[in-house]
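In case you want the letters, here they are:
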Amino acid sequence: DTAVSQTPKYLVTQMGNDKSIKCEQNLGHDTMYWYKQDSKKFLKIMFSYNNKELIINETVPNRFSPKSPDKAHLNLHINSLELGDSAVYFCASSQLRLAERGTQYFGPGTRLLVL
Amino acid sequence: AQKITQTQPGMFVQEKEAVTLDCTYDTSDQSYGLFWYKQPSSGEMIFLIYQGSYDEQNATEGRYSLNFQKARKSANLVISASQLGDSAMYFCAMREEFTGGFKTIFGAGTRLFVKA
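Residues numbered from 1 in each chain as written. Chains lettered and ligands numbered in written order. Predicted model: local features only at pLDDT ≥ 70, side-chain atom pairs only at ≥ 80, totals over all residues. Heavy atoms only, no water.

**Comments concerning the sheet that holds strand 1 (residues 4–7) of chain A**
As a general point, the strands of a sheet are linked pairwise by backbone hydrogen bonds and lie either parallel or antiparallel. All names here are of chain A. The following threshold applies: Two strands are counted as paired when DSSP detects at least two bridges linking them. Segments assigned H or I by DSSP are reported as helices when at least four residues long, segments assigned E as strands when at least two residues long, and all are numbered from the N terminus. Note on geometry: axes are C-alpha line fits, over the in-contact stretch for helices, and angles between N-to-C directions span 0 to 180 degrees.
In space, the four strands of this open sheet follow the order 1-3-8-7, with antiparallel pairing throughout. Two strands close off the open sheet at either side, each with one partner strand: strand 1 and strand 7 (64–70). The average undirected angle you get between the axes of adjacent strands in this sheet is 20°.

**Concerning the interface of chain A and chain B**
Our working rule: Contacts are assigned to residue pairs with any non-hydrogen atoms lying within 4.5 Å of each other. The term buried area denotes the loss of accessible surface (1.4 Å probe radius) that occurs when two parts are joined, taken as the sum for both partners. We define a salt bridge as a side-chain nitrogen of Lys or Arg found within 4 Å of a carboxyl oxygen belonging to Asp or Glu.
Contact with chain A, which involves 20 residues of that partner, is made by 21 residues of chain B. Of the roughly 1,900 Å² buried between chain A and chain B, counting both surfaces, carbon and sulfur atoms make up 61%. At the surface where chain A touches chain B, the tally comes to one salt bridge. The residue Lys103(B) makes a salt bridge to Glu58(A) at a minimum N-O spacing of 3.3 Å.

**Considerations on the packing of aromatic side chains**
We apply this condition: Only centres within 6.5 Å qualify two rings of Phe, Tyr or Trp (six-membered ring in Trp) as a pair; their planes then separate them into stacked at under 30 degrees, edge-to-face at over 60, and tilted for everything else. Between buried and exposed lies partly exposed: a residue is buried under 20% and exposed over 50% of the maximum accessible area for its type, with that area taken using a 1.4 Å probe on protein chains only.
Within the structure shown, the criterion is met by 15 aromatic pairs over all chains. An angle of 85° between the planes, with centres 5.5 Å apart, marks the rings of Tyr35(A) and Phe106(B) as edge-to-face. Of this pair, Tyr35(A) sits in strand 4 (residues 31–37) while Phe106(B) is found in strand 11 (residues 101–106), placing the two residues in two different chains. Across the pair, exposure class does not vary: Tyr35(A) and Phe106(B) are buried alike. Taking 6.0 Å as the distance between ring centres and 80° as the angle between the ring planes, the aromatic pair formed by Phe106(A) and Phe106(B) counts as edge-to-face.

**Topic: the environment of Ala108(B)**
Position of Ala108(B) among the secondary structure elements: in the loop between strand 11 and strand 12 (110–115). Assessed through its relative accessible area of 40%, Ala108(B) is described here as partly exposed. In this structure the C-alpha to C-alpha distance between Ala108(B) and Trp36(B), which are 72 residues apart in sequence, comes to 12 Å. Those residues in contact with Ala108(B) that sit more than four places away from it in its chain are Phe42(A), Gln6(B), Met89(B) and Phe91(B).

**A few points about the side chain of Gln37(A)**
How we decide: Whenever a nitrogen or oxygen atom comes within 3.5 Å of another N or O atom, the pair is scored as a polar contact, on the condition that within protein one atom can donate a hydrogen and the other can accept it, and that pairs from neighbouring residues in sequence are kept only if both atoms are in side chains.
With respect to the secondary-structure elements, Gln37(A) resides in strand 4. Among the polar contacts listed, one links the side chain of Gln37(A) to the backbone oxygen of Lys41(A), at a separation of 3.0 Å. Setting aside chain neighbours within four positions, we find Gln37(A) in contact with Phe42(A), Leu43(A), Ala87(A), Val88(A), Phe90(A), Gln39(B) and Phe91(B).

**Points about the state of the cysteines**
Rule in force here: For the purposes of this analysis, a disulfide is any pair of cysteine sulfur atoms at a distance within 2.5 Å.
Scanning the entire structure with this criterion turns up two disulfides over all chains. Disulfide pairing places Cys23(A) opposite Cys91(A) at an S-S distance of 1.9 Å. Between Cys23(A) and Cys91(A), the S-S dihedral sits near -75°, and the bridge is therefore left-handed. With a gap of 68 residues between them, Cys23(A) in strand 3 (residues 19–25) and Cys91(A) in strand 9 (residues 87–94) connect regions that are remote in the sequence. Disulfide partner of Cys23(B): Cys92(B), at an S-S distance of 2.0 Å. On the sign convention where negative is left-handed, the bridge of Cys23(B) and Cys92(B), at about -65° about the S-S bond, is left-handed. Of this pair, Cys23(B) sits in the loop between strand 3 (19–21) and strand 4 (24–25) while Cys92(B) sits in strand 10 (residues 88–98), and the two are 69 residues apart along the sequence. By relative accessible area, Cys23(B) is classed as buried at 0%. For Cys92(B), a relative accessible area of 0% gives the class buried.

Spelled out as structure tokens, the structure:
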């Protein structure tokens, strides 16, 4: 199936731990994103990579570090997890050319709960 | 300042009726794009419809249409013949350009309840 996939789907962990979320897309897109959706459903961009290059880096604690080994993968590593990191994290991808509209296609989300 | 405003936190509609979800946006760009996404209770984000700032006709996709009024900076989503499966959160979003690429800004969402 052509899609954006994320693993894991659920992540429950203790405060202070380090965890990673992986994302892969097989849509042939050149740009990938990480979003955080809080408990009020507000969706906020965190990072974006275009062809493995960081192009968006919003005001995010430096405990969050994205890594893009190739343009089909974008992983998110979080150090020293805090209670406030509990949220749903979405990966998305798009094609950056204007002719492609920039429509973003989302992964299923990773529900992170920090205890 | 809010770039995307969705003033209706929640809406109710009777099954088989039409419903309009409001969205206003703020930009000084000439070239931009507007999107609507649906998020059902299962959590996934589903792309519904797109409108480019230079598109002269309103976008339509099946039962979804986008009422684009450029001068008023509004991009309302119209769902015709509502179905129970339309109950979900709906997000309006705008693509804006910056040096090096594009960024998509999302509104706060409108939760739609379809009544049987």
